[in-house]
Amino acid sequence: MFKSSFYKMFRVEVMHTYFVNNICKGLVYVASKETKGIIKRFSLKLKVIDNGFEFYTQTEKTIEEFLNYITLTTGEESFNFNITTTNQQFYHYTNLPVNQLGVIKFSSASVETSNKEKKLIPSFTKKQEANILSRVSIHFQELVKLDKSKELANYKIQFKARETQWKYFILNNSKQNLGELSITGKSEKQFKGPFDVILQNGQKAQEFSLKEGVLPLSEVPKYQFNLISNTKKNGEARTRVICKGLPTPNPNTIEIKRSESELVVASLMYVYV
């Protein structure tokens, strides 16, 4: 609990469309070496919250005077933070560049403002830095501007879920007569297939894939599809549900292939009947 003498300088809220309620999980927020030195020297506070972090001071000076003094004595012009993740799946279910190592940078000098919400614009740099996912820089100049205009320095980072092409592989281990198979659901998305394929382990399967577009990965399923069997008996058509509620993608089970000029990420799902 903070003493009443502390007051908030700024907040960085981190959101992710993969999670329920858009609240990002599994991230660790740490001040950079230089900012740690400033925190210690000027008795600042970094407070981690459920969906990001807040930064506090207890100075009696104005924000402008205080930050100018920090720059004068340290040469620093921003507070900098590193974001890492405790969940390696984050790189799979997040819409990050495919097959590239790098760091996502966010700066208070580059924002989109809408309804007083200040969204930090991401910038991807090809560089591997000791498992650092992101770097966040909150510049003194922007904090002074906001303070003078009586605006709250509340920033937002929005990560998006990776969108993938969904593929289902139907394996008829029971050897029953499945007739003509199809996949249906309540959404407008349709599947093409089935196509006879041979899996890497030599098993035969029937493959379905999204007819058009992609679907986002999500922590809790947003789409439900069913596997339908269409057969005939005594000349009469029969339709039955073979599998109600087909599995949804596991972020770890993905396939990356080149399609024309771009890389396509597909989610692979195996259904045994």
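Quick note: structure is the one above.
These lines cover the structure that appears in this document, whether it is placed above or below.

1. Thoughts on the pattern of salt bridges
For the structure shown, the criterion picks out eight salt bridges. The residue Lys156 makes a salt bridge to Glu117 at a minimum N-O spacing of 3.4 Å. Here Lys156 is found in strand S11 (residues 154-159), whereas its partner Glu117 is found in strand S8 (residues 117-120), with 39 residues between them in sequence. Where Glu255 meets Lys257, a salt bridge forms, and the shortest distance between an N and an O atom there is 3.8 Å. By relative accessible area, which is 48% here, Lys257 ends up partly exposed. Several salt bridges converge on common partners, so that one network encompasses Lys167, Glu207, Glu255 and Lys257.

2. Notes on helix H1 (residues 33-42)
Listed as buried for H1 are Thr35, Ile38, Ile39 and Phe42. In a view along the axis of H1, the buried residues occupy a sector of 100°, so they form one face of it. Away from its buried face by more than 90 degrees, H1 exposes Lys33, Lys40 and Arg41. Check the buried side of H1 and you find it contacts strand S2 (27-31), strand S3 (45-49), strand S4 (52-57), helix H2 (63-74) and strand S5 (78-85). Phi for Ser43, located one or two positions after H1, is positive at around 55°.

3. A word on empty space enclosed by the protein
Scanning the model with the defined rule gives one cavity of 30 Å³ or more in all. Taken as a whole, the largest cavity spans an internal volume of roughly 50 Å³. Every residue lining the largest cavity is listed: Trp166, Leu217, Ser218, Pro221, Lys222, Thr248 and Pro249. Of the residues contributing to the lining of the largest cavity, the split by class is four nonpolar, two polar and one charged.

4. Brief notes about the pairing of strand S12 (residues 163-171)
Where burial is concerned, most of S12 is hidden: seven out of the nine residues are buried. As judged from the two bridges shared by S12 and strand S16 (residues 215-216), these two strands associate in the antiparallel manner. Bridge assignment links Glu163 to a residue of S16, and that residue is Pro216. Pairing of S12 with strand S20 (residues 262-272) involves seven bridges; the strand directions are parallel. Paired with Ile170 across the two strands is Val271, which belongs to S20. Summarising the sheet, S12 and strand S15 (residues 204-210) pair through four bridges and their orientation is antiparallel. Within the sheet, the bridge partner assigned to Lys167 lies in S15 and is Ser209.

5. Here's the deal with unusual backbone geometry
Cis geometry is found at the peptide bond from Gly193 to Pro194, where omega equals 10°. In this fold, Pro194 is placed in strand S14 (residues 191-198). Located in the positive-phi region is Lys150, a residue other than glycine, with phi close to 65°. Within the secondary structure, Lys150 sits in the loop between helix H4 (140-148) and S11. The class for Lys150 is exposed, based on a relative accessible area of 75%.

6. Observations concerning the packing of aromatic side chains
In this structure the tally under the stated criterion is 21 aromatic pairs. Aromatic pair Phe10 and Phe81: ring centres 6.1 Å apart, planes at 65°, arrangement edge-to-face. Separated by 71 residues along the polypeptide, Phe10 in strand S1 (residues 7-16) and Phe81 in strand S5 bring together distant segments of the chain. Centroid distance Phe55 to Phe79: 4.6 Å. Interplanar angle 50°. Geometry classified as tilted. In this pair, Phe55 is assigned in strand S4 and Phe79 in strand S5, connecting sequence segments 24 residues apart. The class for Phe55 is buried, based on a relative accessible area of 0%. Its relative accessible area of 0% is what places Phe79 among the buried residues. Pairwise contacts between aromatic rings join Phe10, Tyr29, Phe53, Phe55, Phe79, Phe81 and Phe140 into one cluster. Stacked on the ring of Tyr69, the Lys or Arg Lys61 has its end atom at 5.7 Å from the ring centre.

Conventions adopted
- Residues numbered from 1 in each chain as written.
- Predicted model: local features only at pLDDT ≥ 70, side-chain atom pairs only at ≥ 80, totals over all residues.
- Heavy atoms only, no water.
- Salt bridge = Lys/Arg side-chain N within 4 Å of Asp/Glu carboxyl O.
- Helix = DSSP H or I, 4+ residues; strand = E, 2+ residues; numbered from the N terminus.
- Buried < 20%, exposed > 50% of the residue type's maximum accessible area, 1.4 Å probe, protein only.
- Arc of directions from axis to C-beta.
- Contact = heavy atoms within 4.5 Å.
- 1 Å grid on protein atoms, 1.4 Å probe; cavity = no way out; pocket = protein on both sides within 12 Å on 5 of 7 lines; lining within 4 Å.
- Points joined across faces, edges and corners; volume = space filled by probe spheres on them.
- Nonpolar A, V, L, I, M, F, W, Y, C, P; charged D, E, K, R; others polar.
- Pairing = 2+ DSSP bridges.
- Phe/Tyr/Trp six-rings, centres within 6.5 Å; stacked < 30°, edge-to-face > 60°.
- Lys NZ or Arg CZ within 6 Å of the ring centre and 35° of its normal.

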